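Residue-level listing of the chains:
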Amino acid sequence: MFRLLVRHEPDGMAAGDIARQLDVPQNTMSAHLGILARAGLVRSERHSRSIIYRADLDGLRALMLFLVKDCCAGNAELCAPLVAELAPCC
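Remember, it's a predicted structure, so these values are computed and weren't measured experimentally.

The rules behind these values
Residues numbered from 1 in each chain as written. Predicted model: local features only at pLDDT ≥ 70, side-chain atom pairs only at ≥ 80, totals over all residues. Heavy atoms only, no water. Core = buried A, V, L, I, M, F, W, Y, C linked by side-chain atoms within 4.5 Å. Buried < 20%, exposed > 50% of the residue type's maximum accessible area, 1.4 Å probe, protein only. Helix = DSSP H or I, 4+ residues; strand = E, 2+ residues; numbered from the N terminus. Contact = heavy atoms within 4.5 Å. UniProt positions renumbered as here; feature names shortened; annotations may be inferred.

As for the nonpolar core
Moving on, step 1. Judged by nonpolar contacts, the single largest core of 14 residues is most densely connected at Leu5, Ile18, Leu33, Val42 and Tyr53.
Moving on, step 2. Sorting the residues of this core by element identifies helix H1 (2–7), helix H2 (15–22), helix H3 (26–38) and strand S3 (50–55) as the ones contributing at least two each.
Moving on, step 3. Leave out the neighbours within four places in its chain, and Leu5 touches Met13, Ile18, Leu33, Val42, Tyr53 and Ala55.

What follows is the structure, given as structure tokens:
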């Protein structure tokens, strides 16, 4: 689901469209989207009767930085290029 949302950036997708495309019941999809939203990986925005979901790429970047900061059994230099690439530029 997250990969699908990334492919549809920046427009996003309605929850029902995501559920149909992935052949998942809408209530199950809503539960999964809620979990991803609470984790900071998706954002939602209401457009009339639809809720449009978008991948939160800044949230993904923050998660990836968190995961690789203490990697490589104390050999931080192994992950330094990845950390530098993921770190905000400003």
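Don't stop here, the text continues.
Quick look at the UniProt feature "domain: HTH arsR-type" (unreviewed entry) in the protein
Moving on, step 1. UniProt's entry tags residues 1–75 with the feature "domain: HTH arsR-type" (unreviewed entry), counted in the numbering of this structure.
Moving on, step 2. Helix and strand shares over residues 1–75 are 52% and 19% respectively, and the end C-alpha atoms of the span are 33 Å apart.

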